Amino acid sequence: METFTKQLGDWELVAVPGRGGALAACRHKRSPILREAMDIAEGDGSVINAAAYPMVPFCGRILDARLVFEGAEYLLDRNFPPESHAIHGTGWQSHWSIDIAENRLSMALMDDSLRWPWAFMAEQSFSLAGEALQLQMKLINIGERRMPAGLGWHPFFSGDVEHIQADLEDAPAGPDVSDAGQYWASDYACAELGKGVFTDRLRVDSAFFWPGRSAEMLFRNSRMVKLSGGETAHALTVYRPPNANFVAVEPQTHVPGAHSHPYPETLGLRTLAPGETLHLSATLSVS
């Protein structure tokens, strides 16, 4: 599988557009910020094990791969067997095109395959904002009907993260909630993450409202990595299963499970008219 390496200031990205528009590596001054996943660049391993990948046109799970929107029912691909749900959209299982310019790396996708009932275009672009790495994502409805829409980025931060803090608010639990016997209740995790918690005791798979739009991760080499979200980054999912060598900290435009909620707009889910665009931005900075 062809890979593309791009240097942006002190940042180095290894992109694998043919494997879901994923990143196989994201390094700062040659040190990994995200987990290394060069096996996907070699054609091995699942994209779900990448350094990062885009979630488009929705985040999280749609329960039983069944979507009801504006009075019509749609049956979606159960795209992560043996689960019975649809998960993380279609972008992470698609072939993206790539465009590398002097000051950015961009990947684009046009999906009219009807794996999602509405045709859309998506783009993710990495560039510098000062010394920070900035991600810009967009989703465009290119069909003739209104569509439910969401965007997210799924980065897996390196196992060298030893402490994480984020100002969060508890959000309604959707079908993304994992086995409560293995993970903290979301309200408890919310309080712990707000105070700051060492990752060696972090067991969480929960989505939160993200009013502060900031999360700080302290690495073992004393680097502080800050993840900041733009104005549409309403939600943050934090995922670290037992004995994991990563912590996923995922900015999203909507809370997973929103499609099954009676008032999905309160969880950030957008409805895009034909030709309308949804944006998401996030930045990574190191100190």
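Residues numbered from 1 in each chain as written. Predicted model: local features only at pLDDT ≥ 70, side-chain atom pairs only at ≥ 80, totals over all residues. Heavy atoms only, no water.

(A) Region of interest: a nonpolar patch on the surface. A surface patch of nonpolar side chains, about 270 Å² in accessible area, is lined by Met110, Met121 and Ile142. Structurally, the position occupied by Met110 is in strand β11 (residues 104–111). (Patch = residues over 30% accessible without salt bridge, like charges linked within 9 Å, V, L, I, M, F, W, Y side chains within 5 Å. Areas by Shrake-Rupley, 256 points an atom, 1.4 Å probe, with all protein chains shown as cover. Salt bridge = Lys/Arg side-chain N within 4 Å of Asp/Glu carboxyl O. Helix = DSSP H or I, 4+ residues; strand = E, 2+ residues; numbered from the N terminus.)

(B) Main features of the side chain of Arg61. Structurally, the position occupied by Arg61 is in strand β6 (residues 61–62). Given a relative accessible area of 15%, Arg61 falls into the buried group. Within the structure, the side chain of Arg61 is placed 2.8 Å from the side chain of Glu83, a separation counted as a polar contact. (Buried < 20%, exposed > 50% of the residue type's maximum accessible area, 1.4 Å probe, protein only. Polar contact = N/O pair within 3.5 Å; in protein donor to acceptor, adjacent residues only side chain to side chain.)

(C) Main features of the packing of aromatic side chains. For the structure shown, the criterion picks out ten aromatic pairs. Between Tyr53 and Phe156, the ring centres sit 6.2 Å apart and the planes meet at 45 degrees, which makes this aromatic pair tilted. Linking Tyr53 in strand β5 (residues 52–55) with Phe156 in strand β15 (residues 152–158), this pair joins segments that are 103 residues apart in sequence. Neither Tyr53 nor Phe156 differs from the other in exposure class; each is buried. Among the aromatic residues, ring-to-ring pairing joins Tyr53, Phe80, Trp92, Phe156, Tyr239 and Phe246 into one connected group. (Phe/Tyr/Trp six-rings, centres within 6.5 Å; stacked < 30°, edge-to-face > 60°.)

(D) Inspection of the pairing of strand β22 (residues 235–240) at higher detail. For β22, the tally of buried residues reaches five of six residues, placing the bulk of the element in the interior. The sheet contact formed by strand β19 (residues 204–209) and β22 spans six bridges and is antiparallel. Across the sheet, residue Ser206 finds its bridge partner in β22, namely Val238. As consecutive antiparallel partners, β22 and strand β23 (residues 246–252) are separated by five residues, and within that stretch Asn243 has a phi angle of approximately 65 degrees, a positive value. (Pairing = 2+ DSSP bridges.)

(E) Looking closely at the state of the cysteines. Per the stated rule, a full pass over the model turns up zero disulfides. Looking at the unpaired Cys59, the closest cysteine sulfur is the one in Cys190, lying at 19 Å. Relative accessible area serves as the criterion here: at 10%, Cys190 is assigned to the buried category. (Disulfide = S-S within 2.5 Å.)

(F) Local environment of the nonpolar core. Leu23, Phe126 and Phe157 are the most contacted members of the largest nonpolar core, which totals 64 residues. Setting aside anything within four residues of it in sequence, one finds Leu23 in contact with Leu13, Val14, Ala15, Ile40, Ala50, Ala51, Ala52, Met107, Phe126 and Trp153. Ala22, Ala24, Ala25 and Ile87 belong to the second-largest nonpolar core, a separate cluster that totals 19 residues. (Core = buried A, V, L, I, M, F, W, Y, C linked by side-chain atoms within 4.5 Å. Contact = heavy atoms within 4.5 Å.)

(G) Inspection of the environment of Ser281 at higher detail. Of note, Ser281 is situated in strand β25 (residues 277–286). C-alpha separation for the pair Ser281 and Ala233, spaced 48 residues apart in sequence, amounts to 7.3 Å. Leaving out residues up to four positions away in the same chain, Ser281 has contacts with Leu135, Gln136, Ser228, Gly229 and Gly230.

(H) The arrangement of the pattern of salt bridges in detail. Taken as a whole and assessed by the stated rule, the structure comprises ten salt bridges. In this structure, Glu83 engages Arg61 in a salt bridge whose closest nitrogen and oxygen atoms are separated by 2.8 Å. Remark: Arg61 occurs in strand β6 and Glu83 occurs in the loop between β8 (72–75) and β9 (86–87); sequence separation between them is 22 residues. When its relative accessible area of 23% is taken as the criterion, Glu83 is described as partly exposed. Its salt-bridge partner being Arg66, residue Glu73 comes within 2.4 Å of it at the nearest N-O pair. Classification of Glu73 as partly exposed rests on a relative accessible area of 46%.

(I) Looking closely at unusual backbone geometry. Residue Pro57 is bonded to the preceding Val56 through a cis peptide linkage, with omega at 5 degrees. As for its placement among the helices and strands, Pro57 is situated in the loop between β5 and β6. The omega angle of the peptide bond from Pro81 to Pro82 is 10 degrees, so this bond is cis rather than trans. Within the element layout of this structure, Pro82 appears in the loop between β8 and β9. Even without being a glycine, Arg30 presents a positive backbone phi close to 75 degrees. Here Arg30 is to be found in the loop between β3 (22–28) and β4 (31–32).

(J) Inspection of the sheet that holds strand β12 (residues 120–129) at higher detail. In spatial order, the strands read β10-β11-β12-β13-β25-β21-β20-β16-β18; together these nine strands make up an open sheet with antiparallel pairing. The open sheet has two free edges, formed respectively by β10 (97–101) and β18 (197–198), since each of these has just one partner strand. Looking at chain direction, strand β13 (residues 132–141) and β25 are connected through eight bridges and run antiparallel. Note that in β25 the partner of Gln136 across the bridge is Ser281.

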